[in-house]
Amino acid sequence: MYIWQRDDWPLFRWDTDRVNARLLSVRYAQGILAGRLSALGFDINSAAMLDALSEDIVSSSEIEGVSLDREEVRSSVARHLGLETEGLPCASHYVEGVVEVMMDAVTNADAALTAERLFGWHAALFPTGRSGAWTIVVADWRKSEEPMQVVSGPMGKEKVHFQAPDSSDVPGQIDIFLEWVNGQQTLDPVVKAAIAHLWFVTIHPFEDGNGRMARTITDMLMARADELPHRFYSISAEILQIRSQYYDVLEMTQNGNMDITDWIMWFLDTVERAVEMADVKVMAAIEKLKFWDEHRNVEMNDRQRKLINRLLDGFVGKLTSGKWAKIAKCSTDTALRDINDLIKKGVLKKTDAGGRSASYELN
């Protein structure tokens, strides 16, 4: 028996003491991040928004096996935020549509969630009316009389993980869901976001795109919870890192009873990790600003500034003169002159690590 087949569906219940104790930690982490951002300038806030929104959009699609061009997404998000787009590629019509869905969800978070709004989001995700090679119903609830199932495994040996309510039941189920989403409850908004995510993917109202739509609704409700105009952390990016766990906990909950404590606890853990990751990035941005402030009187050429910024952003591996030359698009001799100049100025130093090639790091 699936959860939606139970007589008490959708009267969810959970262990209030466990959830509230975990929620306290999540809310504290959110408060630390919000406080840190409020004390910072426009540049860092803008960079944090751009990073989080871009990462969220790319990750949510990637969870479903849909790859988006990261630079195109970043370009589109930057344009929507009114930020500099120089050097970024023009976004395709499809990417623009996907970005517009997210921007509508988070910048108009307090607007009512309606069937028409959901249809608009769905049309942007499937502008051609096709999902891969298959024609699907777009901007409307699914119509097929065939069961909507989540299946894995090779043909003939498929495993059914979940079966959604019949298509004929979707309109009535969604009406109840939307009334609840738009209604006023004493529920904490973060817990509400967790429940909404589970509830929507359980109804599975569309022929395709239900996961991405559920995560968009989640971002909308989390924007309400944060009471901030934009997203500064990406829940989808965290889900992507533990995708199999995400599907496992969903399957367990959808095949269980109306006690969804484990799902809410998993969701809260994921939110806290996303907030903590955003806080790490903000702290790195602060360190970057401090570095340039301390070295504002040090003369550097464009190549040197470019490579220093790469180091400050978390350069992977060892920085050698060869890598410097490749990134800066200059000769190895020029790269060595750049490096030695910065060593003399106290900006770089040679690492202690041995090896065939000398490597360098920030001093």
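Anything mentioned here points back to the structure above.
Residues numbered from 1 in each chain as written. Predicted model: local features only at pLDDT ≥ 70, side-chain atom pairs only at ≥ 80, totals over all residues. Heavy atoms only, no water.

1. Comments concerning the overall build of the chain
The helix and strand tally for the chain stands at 14 helices and seven strands. Projected onto the principal axes, the alpha-carbon positions of the chain cover approximately 75 × 45 × 40 Å. Within the chain, the proportion of its 363 residues that are buried is 48%. Across the chain, contacts joining residues at least 24 apart in sequence account for 64% of those joining residues at least 6 apart. Total accessible area computed for the chain in this model is approximately 18,300 Å², and 50% of it derives from carbon and sulfur atoms. Charged side chains of the chain number 40 positive and 54 negative; the gap between the two group centres comes to 9 Å. (Helix = DSSP H or I, 4+ residues; strand = E, 2+ residues; numbered from the N terminus. Buried < 20%, exposed > 50% of the residue type's maximum accessible area, 1.4 Å probe, protein only. Contact = heavy atoms within 4.5 Å. Areas by Shrake-Rupley, 256 points an atom, 1.4 Å probe, with all protein chains shown as cover. Lys, Arg positive; Asp, Glu negative; His and termini not counted. Charge placed at Lys NZ, Arg CZ, Asp CG, Glu CD.)

2. Thoughts on helix H4 (residues 93–107)
Helix length check: H4, at 15 residues, gives a terminal C-alpha distance of 21 Å against a target of 21 Å (1.5 Å per residue), a fit within 8%. Those residues of H4 that sit buried are Val95, Glu96, Gly97, Val98, Val99, Val101, Met102, Met103, Ala105 and Val106. Of the surrounding secondary structure, the elements contacted by the buried residues of H4 are helix H2 (42–63), helix H3 (70–81), helix H5 (115–125) and helix H8 (210–226). (Expected span 1.5 Å × (residues − 1).)

3. Digging into the packing of aromatic side chains
What describes a pair of aromatic rings is the distance from one ring centre to the other and the angle between the planes of the rings. Tallied over the full model, the rule gives 16 aromatic pairs. Relative to phenylalanine 12, the ring of tryptophan 9 lies with its centre 5.4 Å away and its plane at 80°, an arrangement referred to as edge-to-face. The buried category is assigned to tryptophan 9, whose relative accessible area is 12%. Relative to phenylalanine 206, the ring of tryptophan 141 has its centre 5.1 Å away and its plane inclined at 45°; by these criteria the two rings are tilted. Taken together, the positions of tryptophan 141 in the loop between strand E2 (134–135) and strand E3 (149–152) and phenylalanine 206 in the loop between helix H7 (189–203) and H8 put the pair 65 residues apart, joining distant regions of the chain. Each member of the pair tryptophan 141 and phenylalanine 206 is classed as buried. One aromatic cluster in this structure is built from Trp9, Phe12, Phe119, Trp141, Phe177, Trp180, Trp199, Phe200 and Phe206. (Phe/Tyr/Trp six-rings, centres within 6.5 Å; stacked < 30°, edge-to-face > 60°.)

4. Quick notes on unusual backbone geometry
In this structure, the amide linkage connecting tryptophan 9 to the following residue, proline 10, adopts the cis form with an omega of 0°. One non-glycine residue, alanine 139, adopts positive backbone phi at about 60°. The topology assignment puts alanine 139 in the loop between E2 and E3. Its identity is not glycine, yet lysine 329 carries a phi of approximately 60°, on the positive side. Since its relative accessible area comes to 75%, lysine 329 is described here as exposed.

5. Digging into the layout of surface pockets
Reported here for the largest pocket is a volume of approximately 1,000 Å³. Lining the largest pocket we find 29 residues, and of these Ala47, Asp51, Arg74, Lys281 and Asp313 sit closest to its centre. Of all the elements in the fold, those that place two or more residues in the lining of the largest pocket are H2, H3, helix H9 (235–241) and helix H11 (261–294). Considered as a void within the structure, the second largest pocket measures approximately 580 Å³ in volume. Lining the second largest pocket are 25 residues, and of these Glu64, Val150, His204, Gly211 and Tyr247 sit closest to its centre. Of all the secondary-structure elements, those providing two or more residues to the lining of the second largest pocket are E3, strand E4 (159–163), H8 and helix H10 (243–254). (1 Å grid on protein atoms, 1.4 Å probe; cavity = no way out; pocket = protein on both sides within 12 Å on 5 of 7 lines; lining within 4 Å. Points joined across faces, edges and corners; volume = space filled by probe spheres on them.)

6. With respect to the pairing of E4
Bridge analysis of E3 against E4 gives four bridges, and the strand direction is antiparallel. Looking at the pairing, glutamine 149 lines up with glutamine 163 of E4. (Pairing = 2+ DSSP bridges.)

7. A look at the nonpolar core
One finds Leu118, Phe177, Trp263 and Phe267 to be the most contacted residues of the largest nonpolar core, which totals 94 residues. Counting residues per element, this core draws most heavily on H11, at twelve residues. Residues in contact with tryptophan 263, not counting those within four places in the same chain, are Ala194, Ile195, His197, Leu198, Tyr246, Val249, Leu250 and Thr253. Grouped together as the second largest cluster of nonpolar side chains are 21 residues, Trp292, Met300, Ile327 and Ala335 included. (Core = buried A, V, L, I, M, F, W, Y, C linked by side-chain atoms within 4.5 Å.)

8. What to know about the packing of H2 against H3
For the pair H2 and H3, interaxial distance at closest approach is 9 Å and the crossing angle is 135°. It follows that H2 is oblique to H3 by the angle criterion. For the crossing formed where H2 meets H3, the hand is right-handed. When H2 is examined against H3, the residues Met49, Leu50, Asp51, Leu53, Ser54, Glu55, Ile57, Val58 and Glu62 are found in contact with a partner set consisting of Arg70, Val73, Arg74, Val77, Ala78 and Leu81. Across the contact of H2 with H3, the residue classes break down as nine nonpolar, one polar and five charged. (Axes fitted to C-alpha atoms, helices over the stretch in contact; angles between N-to-C directions. Parallel < 35°, antiparallel > 145°, perpendicular 65-115°, else oblique. Left-handed = near helix turned anticlockwise from the far one by under 90°. Nonpolar A, V, L, I, M, F, W, Y, C, P; charged D, E, K, R; others polar.)

9. Re the side chain of arginine 231
Mapping arginine 231 onto the fold places it in the loop between H8 and H9. One polar contact links arginine 231 to aspartate 219, side chain to side chain, over a distance of 3.4 Å. A distance of 2.7 Å separates a polar atom in the side chain of arginine 231 from a polar atom in the side chain of aspartate 226. (Polar contact = N/O pair within 3.5 Å; in protein donor to acceptor, adjacent residues only side chain to side chain.)

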